[in-house]
Amino acid sequence: MPHLIVEYSANLAPFPERKTLVELNEAVCASPEVQTEADLKTRFISQNSFAVGTESSPRGFVHAQLRLLAGRTPDAKADLAERVAAVLRRRTPQPEGMLVQLSVEIVDMDRPSYVKERL
Amino acid sequence: MPHLIVEYSANLAPFPERKTLVELNEAVCASPEVQTEADLKTRFISQNSFAVGTESSPRGFVHAQLRLLAGRTPDAKADLAERVAAVLRRRTPQPEGMLVQLSVEIVDMDRPSYVKERL
Amino acid sequence: MPHLIVEYSANLAPFPERKTLVELNEAVCASPEVQTEADLKTRFISQNSFAVGTESSPRGFVHAQLRLLAGRTPDAKADLAERVAAVLRRRTPQPEGMLVQLSVEIVDMDRPSYVKERL
């Protein structure tokens, strides 16, 4: 059931999305928290209209949100966030002179109301 | 106040977005939880850059997120999720040989800090 | 660490995104809750495929989501939401004859699992 949504500021293009998608899914699916590899749905979104802070020096960001059914331990969540961060740390372009920020967020999804099925 | 965000993997195109938007809004606004039909704001997003799991067989997904002010009962939330699922189950394309996953998530929004107005 | 995501229905175009980004970041970074201005990452998303409610009269919306590490007081959250709303209230186009809705939502992000670094 996990959903992984990765956004990045368009000034980091070209972002190696395809390679990163493969590595993110391998890293997250290798966690004991993910029982069925096909459950992980990852998407990349390039954000064209953005601003980081209030100063005009060159800045970019990559942010990942991993949405999981509630109930994981704090340790399991921290481990999952680090799996995502490790891949993004390696794959995110770092244009010269640009401050690039990386962040990863874990979101608990409401379990009782969650619907999931194969069509 | 509900916000409904539907994402689908672009390999499900052509997705009948217009028809589905109409049916989703009718289904959700018919719930006793929605008091003013104009409050429901639904959007469709086609995701072009995605990966499902780690295997290379054809896979697609449709995922809906319904964001509501906190305070609904578990039964009300499950009912709303099922209203959304019922429409997507019927309208989501199912290309031959592709594993298509459907999921619906209910999100509680923080009520005291929520701002809502008509301009 | 705050993330600010502003979506608007495409029938509000042309939306003055650049000016609004600058003003949003000034307004939010002026809050005592934001310690480092560079931490605020704001993006604009125009939604092309949308429906508001079930009636066919002209309707549009702008919705902002401000994601912060958990732990702010209710007053601090309400103040932040109002800072965002004040800018959007002023900058959102209001086409004649269209019902335009504005909403602002504050989201608590899980603090222990949050990853944040500069690359």
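Here, the structure is the one placed above.
Nothing here was measured: the structure is a model prediction, and the numbers come from that model.

1. Description of the relation of the copies chain C and chain A
Working step 1: When chain C is fitted onto chain A, the two copies agree to an RMSD of 0.0 Å after a turn of 120° and an axial shift of 0.0 Å. Here the transformation between the copies is reduced to the relation of a three-fold axis.
Working step 2: Each copy contacts the other with its own distinct surface, as only 4% of the interface residues of chain C are interface residues in chain A too.

2. Here's the deal with the environment of Arg-89 of chain B
Working step 1: As for its position among the elements, Arg-89 of chain B is in helix H2 (residues 74-91).
Working step 2: In this structure, the C-alpha to C-alpha distance between Arg-89 of chain B and Val-62 of chain B, residues 27 residues apart in sequence, is 9.5 Å.
Working step 3: If we ignore the near neighbours within four places in the chain, the residues touching Arg-89 of chain B are Glu-117 and Leu-119 of chain A together with Glu-82, Gln-94 and Leu-102 of chain B.

3. Section: the sheet that holds strand S5 (residues 99-109) of chain A
Working step 1: The sheet built from 6 strands is open, its strands ordered S3(B)-S2(A)-S1(A)-S4(A)-S5(A)-S6(C) with mixed pairing. Each edge of the sheet is formed by a strand with only one pairing partner; in this case those strands are strand S3 (50-52) of chain B together with strand S6 (115-118) of chain C. The average undirected angle you get between the axes of adjacent strands in this sheet is 10°.
Working step 2: In this sheet, S6 of chain C lies alongside S5 of chain A in antiparallel orientation, the contact comprising 4 bridges.

4. Regarding the environment of Met-98 of chain B
Working step 1: Mapping Met-98 of chain B onto the fold places it in the loop between H2 and strand S5 (99-109).
Working step 2: Overall, the relative accessible area of 18% leaves Met-98 of chain B in the buried class.

5. Quick look at the interface of chain A and chain B
For interface size, the figure often reported is the accessible area lost on association.
Working step 1: Between chain A and chain B, the contact holds 26 residues from the first and 30 residues from the second.
Working step 2: Taken together, the links from chain A to chain B amount to 5 salt bridges.
Working step 3: Summed over the shared surface of chain A and chain B, the result is 20 residue pairs in polar contact (both at pLDDT 80 or more).
Working step 4: Residue contributions to the side of chain A that touches chain B peak at 6 residues, all from helix H1 (residues 17-29) of chain A.
Working step 5: In the side of chain A that touches chain B, the residues fall into 10 nonpolar, 4 polar and 12 charged.

6. Points about helix H2 (residues 74-91) of chain C
Working step 1: When the terminal C-alpha atoms of H2 of chain C are compared, their 26 Å separation across 18 residues agrees well with the 26 Å that a helix rising 1.5 Å per residue should span.
Working step 2: Ala-76, Lys-77, Leu-80, Ala-81, Val-84, Ala-85, Val-87 and Leu-88 of chain C are the residues of H2 of chain C that are buried.
Working step 3: Against strand S6 (115-118) of chain B together with strand S1 (3-9), helix H1 (17-29), strand S4 (59-69) and strand S5 (99-109) of chain C lie the buried residues of H2 of chain C.

7. Details of the relation of the copies chain A and chain B
Working step 1: Turning chain A through 120° and shifting it by 0.0 Å along the axis lays it on chain B, with an RMSD of 0.0 Å.
Working step 2: Little of the interface of chain A is mirrored in chain B, where only 4% of its interface residues again form contacts.

8. Looking at the packing of H1 of chain C against H2 of chain C
Residue and element names in this part refer to chain C.
Working step 1: Two numbers describe how H1 lies on H2: the axes approach to 9 Å, and their chain directions differ by 155°. By the criterion of interaxial angle, the relationship of H1 to H2 is roughly antiparallel. By crossing handedness, the relation of H1 to H2 is classed as right-handed. Here Lys-19, Thr-20, Glu-23, Leu-24, Ala-27 and Val-28 of H1 come into contact with H2, specifically with Leu-80, Arg-83, Val-84, Val-87, Leu-88, Arg-90 and Arg-91.
Working step 2: Classifying every residue of the contact of H1 with H2 by side-chain character gives 7 nonpolar, 1 polar and 5 charged.

9. Remarks on the interface of chain C and chain A
Working step 1: Each side of the interface is counted separately: chain C has 26 residues, and chain A has 30 residues.
Working step 2: Interface of chain C and chain A: buried area, both sides summed, is about 2500 Å²; carbon and sulfur atoms make up 50% of it.
Working step 3: Counting across the chain C and chain A interface gives 4 salt bridges.
Working step 4: Among the ionic pairs, Arg-89 of chain A bridges to Glu-117 of chain C, the shortest N-O distance being 2.5 Å.
Working step 5: Among the elements that take part in the side of chain C that touches chain A, H1 of chain C stands out by supplying 6 residues, more than any other.
Working step 6: Of the residues that constitute the side of chain C that touches chain A, the class distribution is 10 nonpolar, 4 polar and 12 charged.
Working step 7: Note: strand S3 (residues 49-52) of chain A against strand S2 (residues 41-47) of chain C, 4 bridges, orientation antiparallel. Bridge assignment links Phe-50 of chain A to a residue of S2 of chain C, and that residue is Arg-43 of chain C.

10. Digging into the pattern of salt bridges
Working step 1: Tallied over the entire structure, the rule returns 37 salt bridges over all chains.
Working step 2: For Arg-67 of chain A, the salt bridge is made with Glu-105 of chain B, and the minimal N-O distance between the two is 2.6 Å. With Arg-67 of chain A in strand S4 (residues 59-69) and Glu-105 of chain B in strand S5, this residue pair bridges two chains.
Working step 3: Arg-67 of chain A sits in the buried class, given a relative accessible area of 3%.
Working step 4: Classification of Glu-105 of chain B by relative accessible area gives buried; the value is 1%.
Working step 5: For Arg-59 of chain C, the salt bridge is made with Glu-55 of chain C, and the minimal N-O distance between the two is 3.7 Å.

11. Quick look at the sheet that holds strand S3 (residues 49-52) of chain C
Working step 1: Taken together, the 6 strands give an open sheet; going across it, the order is S6(A)-S5(B)-S4(B)-S1(B)-S2(B)-S3(C), and neighbouring strands pair in mixed fashion. Of all the strands in the sheet, the pair left with one neighbour each is strand S6 (115-118) of chain A together with S3 of chain C. Taken over all neighbouring pairs, the strand axes of this sheet differ in orientation by 10° on average, direction set aside.
Working step 2: Along the sheet, H2 of chain B contacts S6 of chain A together with strand S1 (3-9), strand S4 (59-69) and S5 of chain B; its crossing angle with S5 of chain B, the most-contacted strand, is approximately 150°.

Here is what the cut-offs are and how they apply
Residues numbered from 1 in each chain as written. Chains lettered and ligands numbered in written order. Predicted model: local features only at pLDDT ≥ 70, side-chain atom pairs only at ≥ 80, totals over all residues. Heavy atoms only, no water. Least-squares fit on C-alpha atoms with pLDDT ≥ 70 in both. Contact = heavy atoms within 4.5 Å. Helix = DSSP H or I, 4+ residues; strand = E, 2+ residues; numbered from the N terminus. Pairing = 2+ DSSP bridges. Axes fitted to C-alpha atoms, helices over the stretch in contact; angles between N-to-C directions. Buried < 20%, exposed > 50% of the residue type's maximum accessible area, 1.4 Å probe, protein only. Salt bridge = Lys/Arg side-chain N within 4 Å of Asp/Glu carboxyl O. Polar contact = N/O pair within 3.5 Å; in protein donor to acceptor, adjacent residues only side chain to side chain. Nonpolar A, V, L, I, M, F, W, Y, C, P; charged D, E, K, R; others polar. Expected span 1.5 Å × (residues − 1). Parallel < 35°, antiparallel > 145°, perpendicular 65-115°, else oblique. Left-handed = near helix turned anticlockwise from the far one by under 90°. Buried area = accessible area lost by both parts, 1.4 Å probe.

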